[in-house]
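Take a look at the letters that make up each chain.
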Amino acid sequence: MVDIANFPKPANRPASPNFSSGPCKKRPGWSADALETEVLGRSHRSPLGKSRLEEAIDRTHDLLNLPEGYLVGVVPASDTGAVEMALWSMLGARGVDMLAWESFGSTWVTDVVKQLKLEDVRVLEADYGKLPDLDQVDFDRDVVFTWNGTTAGVRVPNGDWIAADRKGLTFCDATSAIFAMELPWDKLDVVTYSWQKVLGGEGGHGVIILSPRAVERLESHVPAWPMPKIFRMTKGGKLIDGIFRGETINTPSMLVVEDAIDALKWAQDVGGLEGLLERTRENRRLLDEWLVQSDWAADLADKPETASNTSMCIKIVDPWALEQDAKIQALLPKRISQLLDAEKVAYDINGYRDAPPGLRIWGGATVESSDIKALLPWLDWAYGVAKAEIKQG
C-alpha cells in the first residue's frame, strides 16, 4: 500500500473546494441571509412577484449591455429548456447547420435530426479538443452551436467567423460562456443560458435572449409539429411579450429568482461585465502558467485560442500514463478526484462522463483566483499519489 506520507502535501488549501462545472460555486461571501424573502409564499403573478422577475430581467439586460430591441425572458428547465424552446419554435423555415464538438452540441444534433426530423440538416462535427471547420458554415442557413463546449473545454475563439449579413438565424447555447467571454450580440439572434453557471445561481430555470430578427421569425413561421405549452412563445401569430416582462410560462421558484438577483447585484459590485470577464481571464492565466511547467498535464483543447476559461479541461500526457490501457487511463483522473475530495481541496473535478479521461476545473467569475492558485500544487500531489498506487498495483 502506498504511504501517502511519502508525498508531502502542499502548505495551502483553497478557501473553497467548489470547482464543479455545474451547478457552480456561489459568489464569494454568499449567504442565504442576503436574499430577499418577502416574495416567498406569494404568487409569481402578484405585483410583487412580477416586479422581482422584471428586476432579474432588467439587471441582466443592463449587465450584458444588450442592444436596443433585444429581449430577455425567464423560461423553464434550465439552459436545456431554453435551447429546446428555441429549436422547436423557430427551426424549419430554412436549412440548418448544426455544429457539435462535445456532448451538449451532439444532443442538439440528435434532437433536430431524430425528434424534429428536419430533412435539410448539415452536421459539422469535431472530436473532443477540436472545433469543426468554421469556414464551412453557411449563413444563408440557420446555424446552431455552443459558444463554449462545457464538457470539452473548447470554445469558439471569437465571432469573426459569423457573417454580419447572414440570412439565417444564429442559435447560440452560451450557458458556460455568457458573463465570462465576449459575445458579439449583433451576430447572435438566439442566446440561451442558465443562472447556475457563471453567476453561481441555482438550477431549474433558463434564460433566453432574442434579437429582433428572432422575434420576426417567431411571428412569421409556424412549425410543422405540435408545440408543447412550455415551448410556445407566440399566440395568434404574435409574440407573447409577457414572457419578457416577468410573466413566466409556468410557476418559477421565487427563491431561485431572488438568488439570481443577488448574483447580478454582486456582478455589478465587482465591476460589471468587464469585472466578470477579468476574473475568469485571471483564472485561465494561472492554469496556463501551471500547464507550461507540468510534465503530466496539458489542456484538452488543441489550440490555446480555443481553450475555455470556464470549464477548463485537462488531459493526462505523462508518457507512462499514455502507455497504460484504457481502464487505467480512466482510473487516474477518477482517483485524483477522490483524493482531492477526501482532502476537502477540490470537489467534482473528474471529467464529464462522455469526455476523454481527464479533469475539469471551473474557472468562472465566482471562483477566486487565490483558490485556483492554491489548487494547482494539489493536482501535482494527487497525480503523484495516484500514479504510485497504480504502479504498485
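See the structure above.
Residues numbered from 1 in each chain as written. Predicted model: local features only at pLDDT ≥ 70, side-chain atom pairs only at ≥ 80, totals over all residues. Heavy atoms only, no water.

Enquirer: Which residues make up the overall build of the protein chain, and what are the values?
Expert: Counting secondary structure elements, the protein chain contains nine helices and 14 strands. On C-alpha atoms alone, the protein chain measures out to a radius of gyration of 22 Å, which is about the 21 Å that the 2.2 N^0.38 rule sets for 393 residues. Oriented by its inertia axes, the alpha-carbon framework of the protein chain measures out at about 70 × 50 × 30 Å. Across the protein chain, the fraction of contacts at a sequence separation of at least 24, relative to all contacts at a separation of at least 6, is 73%. A total accessible area of about 16800 Å² is found for the protein chain, and carbon and sulfur atoms account for 49% of it. (Helix = DSSP H or I, 4+ residues; strand = E, 2+ residues; numbered from the N terminus. Rg over C-alpha atoms; globule rule 2.2 N^0.38 Å. Contact = heavy atoms within 4.5 Å. Areas by Shrake-Rupley, 256 points an atom, 1.4 Å probe, with all protein chains shown as cover.)

Enquirer: So what's going on with the sheet that holds strand β13 (residues 311-316)? Which residues, and what values?
Expert: Across the sheet, three strands lie side by side as β12-β13-β14; this open sheet has antiparallel pairing. Lying at the two open borders of the sheet, with one neighbouring strand each, are β12 (297-299) and β14 (359-362). This sheet shows a mean twist of 35° between the axes of neighbouring strands, independent of strand direction. As paired strands, β13 and β14 are joined by four bridges and run antiparallel to one another. Each bridged residue has a counterpart across the sheet, and for Ile-314 the counterpart in β14 is Leu-359. Along the sheet face, helix α9 (residues 369-392) touches β13 and β14 and points at about 165° away from the line of β14. (Pairing = 2+ DSSP bridges. Axes fitted to C-alpha atoms, helices over the stretch in contact; angles between N-to-C directions.)

Enquirer: An account of the packing of helix α6 (residues 272-293) against α9 is needed here, citing residue identities and associated values.
Expert: α9 packs onto α6 with a crossing angle of 20° between their chain directions and a minimal axis gap of 9 Å. Comparing their axes, α9 and α6 come out roughly parallel. For the pair α6 and α9, the crossing hand works out as right-handed. Between α6 and α9, the residues in contact are Arg-279, Glu-282, Asn-283, Leu-286, Leu-287 and Trp-290 and Ser-369, Ile-372, Lys-373, Leu-376, Leu-379 and Asp-380, respectively. (Parallel < 35°, antiparallel > 145°, perpendicular 65-115°, else oblique. Left-handed = near helix turned anticlockwise from the far one by under 90°.)

Enquirer: Mind laying out the pairing of strand β7 (residues 170-173), listing which residues take part and the relevant values?
Expert: Covered by surrounding structure in β7 are Thr-170 and Cys-172 together with Phe-171 and Asp-173, the residues of both alternating faces. By the bridge criterion, four bridges tie strand β4 (residues 142-146) to β7 in an arrangement that is parallel. Residue pairing for β7: Thr-146 is matched across the bridge by Asp-173. Summarising the sheet, β7 and strand β8 (residues 190-194) pair through three bridges and their orientation is parallel. Its bridge partner lying in β8, Cys-172 is registered against Val-191. (Buried < 20%, exposed > 50% of the residue type's maximum accessible area, 1.4 Å probe, protein only.)

Enquirer: Just give me the short version of the pattern of salt bridges, but keep the residues and values in it.
Expert: With the rule as written, the count across this model stands at 28 salt bridges. Among the salt bridges present, the one from Arg-279 reaches Glu-368, with a minimum N-O distance of 3.0 Å. Remark: Glu-368 occurs in the loop between β14 and α9 and Arg-279 occurs in helix α6; sequence separation between them is 89 residues. Glu-368 sits in the partly exposed class, given a relative accessible area of 28%. Salt bridges linked by common partners bring Lys-50, Asp-241, Arg-245 and Glu-247 together as one network. (Salt bridge = Lys/Arg side-chain N within 4 Å of Asp/Glu carboxyl O.)

Enquirer: So what's going on with the nonpolar core? Which residues, and what values?
Expert: Counting residues in each nonpolar core, the largest one holds 90 residues, and the members touching the most others are Trp-147, Ile-178, Trp-195, Ile-209, Leu-340 and Leu-379. Top contributing element to this core by residue count: α9, with 11 residues. Apart from residues no more than four positions distant in its own chain, Trp-195 is found in contact with Ala-56, Val-74, Gly-200, Gly-201, Glu-202, His-205, Val-207, Val-256, Val-257 and Ala-260. Within the second largest apolar cluster, 34 residues are counted, among which are Ile-208, Leu-218, Phe-231 and Leu-239. (Core = buried A, V, L, I, M, F, W, Y, C linked by side-chain atoms within 4.5 Å.)

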